[in-house]
Amino acid sequence: MNTPSIPAAPKQPDLSGSDLLRTDHAGLHPLPPNISSIRTAAAEAGLLCIHIDLSSCTNKPRLLAQFARSLQFPHWFGHNWDALADCLGDLAWLPAPGYVLILEHTAALRARDADSFATVLDILGETVTRWADAALPFWVFVDGDGGKPHP
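Small disclaimer: the values here were computed from a predicted structure and weren't measured.

A. Quick peek at the overall build of the protein chain. Summing up its helical and strand segments, the protein chain has six helices and four strands in all. Of all intrachain contacts in the protein chain linking residues separated by at least 6 positions in sequence, the fraction that spans at least 24 positions is 68%. Put simply, the protein chain shows about 7,100 Å² of open surface, and 51% of that area lies on carbon and sulfur atoms.

Shown next, in the form of structure tokens:
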């Protein structure tokens, strides 16, 4: 089985606050070595930056639970893929002019449940498009060698 990788984003960001405001540049990107540069750029742009540590996630239930914790999902979150997509596409409880997610420590999930990792990447990619249609930037930075965009 191939390890899932992040689909090519429209453009690699220059990690300035102004670039993070562009929905045409938003997407799934590999995590750069300097995470603080993402946090700084998100703060400059006024975007909500959320760190999601996936080190304890080795399967779908743990992955969904970590997303729910990190993003403070409402009590009605159903802990399934559709509910994840619904919550990511709403975020009314975390109002912001845009969002930056940093996914770190993905190796265990990639190794033990590659299908769930691929599914969450698909959902995040769809979420980027939904938020862009609403003129709000939604960025996702993912660590690991599978995080390299396709040429």
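Additional details are given in the paragraphs that follow.
B. Representation of the environment of Lys60 in the model. In this structure, Lys60 sits in helix α3 (residues 60-70). In this structure, the C-alpha to C-alpha distance between Lys60 and Asp113, residues 53 residues apart in sequence, is 7.5 Å. Apart from the residues within four sequence positions on either side, Lys60 is in contact with Asn80, Trp81, Asp113 and Ser116.

C. Seen up close, the sheet that holds strand β1 (residues 28-30). The strand order β1-β4-β3-β2 describes an open sheet built from four strands, whose pairing is parallel. Two strands bound the open sheet, and with one partner strand each, they are β1 and β2 (48-53). Pairs of neighbouring strands in the sheet enclose a mean axial angle of 20°, with direction left out of account. Along the sheet, α3 contacts β2 and β3 (99-104); its crossing angle with β2, the most-contacted strand, is approximately 150°. Lying on the sheet, helix α6 (residues 114-133) is in contact with β1, β3 and β4 (138-142); it crosses β4 at an angle near 155°.

D. Structural view of the confidence of the model for the protein chain. The pLDDT averaged across the protein chain works out to 88; a share of 85% of its residues lies at or above 70. Counting interchain partners and residues more than four positions distant, the pLDDT-below-50 stretch residues 146-151 has 20 contacts.

E. The arrangement of the packing of helix α4 (residues 81-88) against α6 in detail. Their axes nearest at 10 Å, the elements α4 and α6 cross at an angle of 30°. What the angle tells us is that α4 and α6 run roughly parallel. The two elements α4 and α6 meet at a crossing, and its hand is right-handed. On the side of α4, the interface is formed by Trp81, Leu84, Ala85 and Leu88, while α6 contributes Ser116, Thr119, Val120, Ile123, Leu124, Thr127, Arg130 and Trp131.

F. Highlighting unusual backbone geometry. Located in the positive-phi region is His79, a residue other than glycine, with phi close to 55°. For His79, the position within the fold is in the loop between α3 and α4. For His79, a relative accessible area of 45% gives the class partly exposed. The phi angle at Ala135 is positive, at roughly 65°, despite the residue not being glycine. Structurally, Ala135 is set in the loop between α6 and β4. Residue classification places Ala135 among the exposed positions, given a relative accessible area of 59%.

Conventions adopted
All residue numbers refer to positions counted from 1 along the written sequence of the respective chain. The predicted origin of the model limits local features to residues at a pLDDT of at least 70 and limits the giving and counting of side-chain atom pairs to 80 or more, whereas totals for whole chains, interfaces and linings rest on all residues. The basis for the side-chain values is all heavy atoms of the structure; hydrogens and waters are excluded. Runs of E in the DSSP output that reach at least two residues are strands. Runs of H or I that reach at least four are helices, and both are numbered from the N terminus. In this description, contact between two residues means that some pair of their heavy atoms is separated by no more than 4.5 Å. Values of accessible area rely on a 1.4 Å probe in the Shrake-Rupley scheme; residue burial ignores everything except the protein chains shown. Only when DSSP finds a minimum of two bridges between them are two strands counted as paired. Axis lines are fitted to C-alpha atoms, over the contacting stretch for helices. Their N-to-C directions set the angle, which ranges from 0 to 180 degrees. What pLDDT reports is the predictor's confidence in each residue, on a scale of 0 through 100. Relative orientations are named as follows: roughly parallel for angles under 35 degrees, roughly antiparallel for angles over 145 degrees, roughly perpendicular for angles from 65 to 115 degrees, and oblique for any other angle. Each crossing is labelled by how the near helix is turned from the far one, with a counterclockwise turn of less than a right angle marking it left-handed and a clockwise turn marking it right-handed. Partly exposed residues are those whose accessible area sits between 20% and 50% of the maximum for their type, while under 20% is buried and over 50% is exposed, using a 1.4 Å probe and protein chains only.

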